[in-house]
Amino acid sequence: NFTHIYDPDYGNCYIFNWGQEGQELMRSANPGADFGLKLVLDIEQDEYIPFLQTTAAARLILHQQRSFPFVKDLGIYAMPGTETSIAVLVDQLEHMEAPYSACTTDGSDIPVKNLYAQYNSSYSIQSCLRSCYQEQMVQTCHCAYYQLPLPDGSEYCNNKVHPDWVPCYYSLRDSVAVRENCISLCHPPCNDSNYKMVISMADWPSVGAEDWIFHVLSYEKKSSPDITVNRNGIIRLNIYFQEFNFRNIAESAATNVVWLLSNLGGQFGFWMGGSVLCIVEFGEILIDCMWITILKLLAWNKDRKQRRRRPQYTDAPPTVSELVEAHTNSGFQHEDSDPAGMGIPGTPPPNYDSLRVNPDAVNDIGSDDEEF
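None of these values were measured; they are calculated from a predicted model.

What follows covers the pattern of salt bridges. Within this structure, the stated rule accounts for 12 salt bridges. With a closest N to O distance of 2.7 Å, Asp42 and Lys221 form a salt bridge. Taken as a pair, Asp42 in strand 3 (residues 37-42) and Lys221 in helix 5 (residues 210-222) lie far apart in primary sequence, 179 residues in all. Under the relative-accessibility criterion, Asp42 is labelled partly exposed at 31%. When the shortest N-O distance is used, the salt bridge between Arg130 and Asp73 registers 1.7 Å. You can see Arg130 sitting in helix 2 (residues 125-141) and its partner Asp73 sitting in helix 1 (residues 71-74), a full 57 residues away along the chain. On the basis of relative accessible area, Asp73 is assigned to the partly exposed category, the value being 41%. Where salt bridges share partners, they join Asp42, Glu44 and Lys221 into one cluster.

A few words on the state of the cysteines. Scanning all chains against the criterion turns up five disulfides. Disulfide pairing is shown between Cys143 and Cys157; the S-S distance is 1.9 Å. In this structure the cystine formed by Cys143 and Cys157 twists about its S-S bond by roughly 85°; its chirality is therefore right-handed. With Cys143 in the loop between helix 2 and helix 3 (165-173) and Cys157 in the loop between helix 2 and helix 3, the pair connects residues that are 14 residues apart, well separated along the chain.

One pass over the structure, following the stated rule, counts 13 aromatic pairs. On the numbers, 4.9 Å between centres and 55° between planes, the contact of Tyr145 with Tyr146 is tilted. Every member of this aromatic cluster is reached through a ring pair, and the members are Tyr133, Tyr145, Tyr146, Trp165, Tyr169 and Tyr170. The ring of Tyr77 carries Arg59 above its face, with NZ or CZ at 4.4 Å from the centroid.

Glancing now at the confidence of the model for the protein chain. When pLDDT is averaged along the protein chain, the result is 82, and 82% of the positions lie at 70 or above. Taken element by element, the predicted model of the protein chain shows its lowest mean pLDDT in helix 9 (residues 359-371) (51) and its highest in strand 8 (residues 234-241) (93). This model gives residues 365-372 a pLDDT under 50, and the stretch forms zero contacts once residues within four places in sequence are excluded.

In this section: the environment of Asn114. For Asn114, the position within the fold is in the loop between strand 6 (82-94) and helix 2. The partly exposed category is assigned to Asn114, whose relative accessible area is 21%. The residues touching Asn114, leaving out its near neighbours within four places in the chain, are Ser121, Ser122, Tyr123, Ser127 and Ser131.

Here we take up the environment of Ile213. Among the secondary structure elements, Ile213 is positioned in helix 5. Of the residues examined, Ile213 reaches a relative accessible area of 10% and is grouped as buried. Put simply, Ile213 and Asn230 are 17 residues apart on the chain and 9.8 Å apart in space, counted from C-alpha to C-alpha. When near neighbours in sequence (up to four residues on either side) are disregarded, Ile213 contacts Trp204 and Pro205.

Formed by 19 residues in total, the largest nonpolar core has its most connected members in Ile5, Met137, Tyr145, Trp165 and Tyr169. Residue assignment for this core shows that the elements contributing at least two residues are strand 2 (11-16), helix 2 and helix 3. For this core, the leading source of residues is helix 3, giving four residues. Apart from the residues lying within four places of it in its own chain, the contact partners of Met137 are His142, Cys143, Ala144, Tyr145, Cys157, Trp165, Tyr169 and Leu172. Ala58, Val88, Val90 and Ile235 belong to the second-largest nonpolar core, a separate cluster that totals 11 residues.

A few words on the packing of helix 2 against helix 4 (residues 176-185). At their nearest, the axes of helix 2 and helix 4 sit 9 Å apart, and the two run at 135° to each other. The angle between helix 2 and helix 4 places the two elements in the oblique class. The way helix 2 lies across helix 4 gives a crossing that is right-handed. From helix 2, Leu129, Cys132, Tyr133 and Gln136 reach across to helix 4, where they touch Val178, Asn181, Cys182, Ile183 and Leu185.

What counts and what doesn't
All residue numbers refer to positions counted from 1 along the written sequence of the respective chain. Residues qualify for local features only when their pLDDT is at least 70, as the model is predicted, and side-chain atom pairs are given and counted only at 80 or more; totals for whole chains, interfaces and linings, by contrast, use all residues. The side-chain values count all of the structure's non-hydrogen atoms but skip hydrogen atoms and water molecules. By definition here, a salt bridge exists when the distance from a side-chain nitrogen of Lys or Arg to a carboxyl oxygen of Asp or Glu is within 4 Å. To qualify as a helix, a DSSP run of H or I must reach at least 4 residues; to qualify as a strand, a run of E must reach at least 2; elements of each kind are numbered from the N terminus. Using a 1.4 Å probe on the protein chains alone, a residue whose accessible area is under 20% of its type maximum counts as buried, one over 50% counts as exposed, and one in between counts as partly exposed. Put simply, a disulfide is two cysteine sulfurs that come within 2.5 Å. In this scheme Phe, Tyr and Trp rings, the latter by its six-membered ring, pair at centre separations within 6.5 Å, and the angle between planes marks the pair as stacked below 30 degrees, edge-to-face above 60, and tilted otherwise. For a lysine, the NZ atom is tested; for an arginine, the CZ atom; a charge sits over a ring if that atom is within 6 Å of the ring centre and within 35 degrees of the ring normal. Per-residue confidence from the predictor is reported as pLDDT, which spans 0 to 100. By the convention used here, residues are in contact when the closest approach between their heavy atoms is within 4.5 Å. Buried Ala, Val, Leu, Ile, Met, Phe, Trp, Tyr and Cys residues that are joined via side-chain atoms within 4.5 Å together make up what is termed a nonpolar core. Angles run from 0 to 180 degrees between N-to-C directions of axes, and those axes are lines fitted to C-alpha atoms, restricted for helices to the stretch in contact. If an angle is under 35 degrees, it is roughly parallel; if it is over 145, roughly antiparallel; if it lies from 65 to 115, roughly perpendicular; otherwise it is oblique. Helix crossings are classified by the rotation of the near helix relative to the far one: an anticlockwise turn of less than a right angle makes the crossing left-handed, while a clockwise turn makes it right-handed.

In structure tokens form, the structure reads like this:
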């Protein structure tokens, strides 16, 4: 039930119950420490290379089945000389797809080839980020970084073939633009599992039991009762489910088209007493307003055309008497006209007083009649 892989940072790693094809999955029947995984590890601290590794512990990670474990980034330590119990709680996360989020179902729509597919592992954002960085490494430095999977048609960096790959690698690793580009290309998976761990530790073995435990472990290791193990090299692990259930966290749309129309109708009916007849009346009002507006525009346009065809006069229209005098006297000018601006004056108006009857003459006529 253990699958061996090689990790470039920690060497030999073993994955328990990975779920690859052809492997039988092991299932837990009940929660609790008695129904989980129990391990006794010998980290062989005496064989550590000085100045290469300064930490003495076992590195472990809980991850989803068929996903590649990135121990360096997501793992935890288990200290030697202790019994470490890890109670696990599982949360399953379901994100909504586009247009609600930018998650991906299986990574097929990501423009980055998953280099960890050779391990038959599923898509994860960590595998996408490393695959993207390896592609940038091949494009920029013309060779692949040896701690990441090798892309097709490329080769790992070699000091003889690629003497300048080290400064190129460090400049690429410290580039913020490259990291931001990979982050923008790699999207989180729509379905993911989150493992919450409750960790507790105790000294192991105890002072009273360490003699016979060391003898038993030495016999299992080298088939000899001679003590070959000590407290600085052994670790006991208990990994189990704290509860025999899991929590499913699923995203859902807060408002869709149906809920939007329902809320609008409810608010409209509450505040305005809206009904079907009211909506029809509002529609009729809108149609009437549009029709009246069109008629007004047509009338305005027609009136404007008529105004353009009319002659334009700056002064006031003449009165009837002025029209009569102008008809009988060709030299008549309007009173408001400016005499200084006139050229040759016209014929002066007739002296209408000459046509009046002289009162003295009337008296003379009357006296003659009396004499007659």
